[in-house]
Amino acid sequence: MCAAPTDELVQQWESEQACLRQQVVEEDTEDWQRNPAFSGLERVGGVDLSFIKGDDVNACAQLVVLSYPDMEVLYEDSQMVTLTAPYIAGFLAFRETPFLLEALQRLKKNQPELLPQVVFVDGNGLFHYREFGLACHLGVLSGLPCVGVAKNLLQVQGVNKSEEHQSQIAALEKGGDSFPLTAASGKVLGKALRSSDKSSKPVYVSVGHKISVDTAVRLTHSCCRYRVPEPIRQVCVSCCVMCVVPGYMWSIGHYLQAEIHYSPIHSSSSSSSTHTDGKTSCGNGTLRSCMRHTVTAYFQTSPPCLSASHPAEVTNYFLFPSAAVTCTVLDLYFHFFKITSDRTVNSLCVA
C-alpha cells in the first residue's frame, strides 16, 4: 500500500501543478495541425497505466505508436511498475506520469525515428480541477503535443451530468458532432465528442499541450474506428491481452494438469517490440515476454476475472519457469487470445 497523503504533500503538488500549468500551450504549434487533412502527420501515440484489480501499487505502463492515417501498430512498450506515490483525486499525474514519460524516453533513445508526433492520453488535460490533468502534465514534461481523451465525464468547475448535459448528448446526431464543456467562469475546458456513428456515448476531449481544442477534437475523430480513438484503444488491446491471457492460462493449466510454479513480483520486468504489420509477434513480442517474466499471487487462489468496466485493471501476472510449457501453450492459443481480447475491447469501446 502507498503511504497516506499528507497535507504537506498535497500543498507541494498543488504548487508544482500551478508552476507547470503556466507552461501549457493551448494552441496549434505544428504545421500538420493547421492542415485540414493533417498532412505531414505520420505517427500518433497512445499511453495508459493499468492497475491490478484491488492492488493500488502494481501496474502496467503501456505505450503504443501507430501510423497515421492507417492506424497500423509500429511500436509497443510494456513495463511492469511499482507505484510509490499515493492516489489523490486531481493529482493522478504524480502517480502515473513518471512511468509514461520513461516509456517515451526509452523510445526516443532506442528508436527516435518512431517517436510520435502527438500523444493521446487516456485521461483529461485542461478539463481538470486546476486545469492541469495527466495529458497536460505529460505534455509539458515530454515537450510533445498531447490530447486528453476521457471515457467518463469529470464533474468539475460547474460541468456536471445535468439534464442540459444529457440533452446536449442526445443532440449529437453523427460521428464528429461535439459541444463545448464550459466552466462556470465561461472558459471552454474541452468538448464532448460523438466519435463514431456506431456509438451515441461521447468521449471527452481536452487540450494536453501544444494543440488547440478544435484541432484536438478533429484529430480525435479522425483516429476513431470505434468510440475510443485507436491509439488509446490499441493500448487497451495490449493490456487486455495481458489480462485475459492469465485468466485462460488458469483454466488451461488445470486442464493440462501442468505443474506451474509461481512467486511474487519483487522487481519490474519490461519488454518492447516493434511491428511493421500491426500484429504482435509471438516469437519476440510483449505478450510472451511478460508471460514468462512477470507474476502475481492471485494465481494461487482463484482465476482472475475480467472487469467489464476496465479490462486492464485485472492485469494478473505469473511466472512460468518451464518455458517449454508456456511457449507451447502460447503458440497454440495466442491467436485465440488476441481475437478474444480484441473483441472484448471493441465491445467496450462501442458501448
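This text goes with the structure placed above it.
Read on for a plain summary of the structure.

Reading the values: rules and limits
Residues numbered from 1 in each chain as written. Predicted model: local features only at pLDDT ≥ 70, side-chain atom pairs only at ≥ 80, totals over all residues. Heavy atoms only, no water. Core = buried A, V, L, I, M, F, W, Y, C linked by side-chain atoms within 4.5 Å. Buried < 20%, exposed > 50% of the residue type's maximum accessible area, 1.4 Å probe, protein only. Helix = DSSP H or I, 4+ residues; strand = E, 2+ residues; numbered from the N terminus. Pairing = 2+ DSSP bridges. Polar contact = N/O pair within 3.5 Å; in protein donor to acceptor, adjacent residues only side chain to side chain. Contact = heavy atoms within 4.5 Å.

## Things to note about the nonpolar core
Part 1 of the reasoning: By size, the foremost hydrophobic cluster in this structure holds 30 residues, and its most contacted members are Leu41, Val44, Tyr68, Phe120, Val147 and Leu219.
Part 2 of the reasoning: At the level of elements, strand S4 (118-122), helix H4 (134-142), strand S5 (146-150), strand S8 (203-209), helix H6 (213-222) and helix H7 (230-256) are the ones that each hand at least two residues to this core.
Part 3 of the reasoning: Tyr75, Val81, Leu114 and Cys146 belong to the second-largest nonpolar core, a separate cluster that totals 27 residues.

## A few points about the pairing of strand S1 (residues 43-51)
Part 1 of the reasoning: Of all nine residues that make up S1, nine are buried, and the element is covered over most of its length.
Part 2 of the reasoning: Examined bridge by bridge, S1 and strand S2 (residues 58-67) share nine bridges and lie antiparallel to one another. Among the inter-strand pairings, Val44 is bridged to a residue of S2, identified as Leu66.
Part 3 of the reasoning: Between the end of S1 and the start of S2, which pair antiparallel, lie six residues, with Gly54 showing a positive phi angle near 80°.
Part 4 of the reasoning: Alignment of S1 against S4, held across four bridges, turns out to be parallel. From the neighbouring strand, Val47 faces S4, where its bridge partner is Val121.

## What about the side chain of Ser195?
Part 1 of the reasoning: With respect to the secondary-structure elements, Ser195 resides in the loop between strand S7 (188-193) and S8.
Part 2 of the reasoning: For Ser195, a relative accessible area of 1% translates into the label buried.
Part 3 of the reasoning: Looking at Ser195, its side chain comes within polar contact range of the main-chain oxygen of Arg227, at 2.4 Å.
Part 4 of the reasoning: Setting aside residues up to four positions removed in sequence, Ser195 forms contacts with Gly175, Val203, His221, Cys224, Tyr226 and Arg227.

## Digging into unusual backbone geometry
Part 1 of the reasoning: Put simply, Tyr68 and Pro69 share a cis peptide bond, and its omega is 10°.
Part 2 of the reasoning: You will see that Met71, though not glycine, has its phi angle at about 60°, which is positive.
Part 3 of the reasoning: Here Met71 is to be found in the loop between S2 and strand S3 (73-82).
Part 4 of the reasoning: If you check the backbone angles, Gln157 has positive phi at about 50° while not being a glycine.
Part 5 of the reasoning: Of note, Gln157 is situated in the loop between S5 and helix H5 (163-170).
Part 6 of the reasoning: Classification of Gln157 as partly exposed rests on a relative accessible area of 25%.

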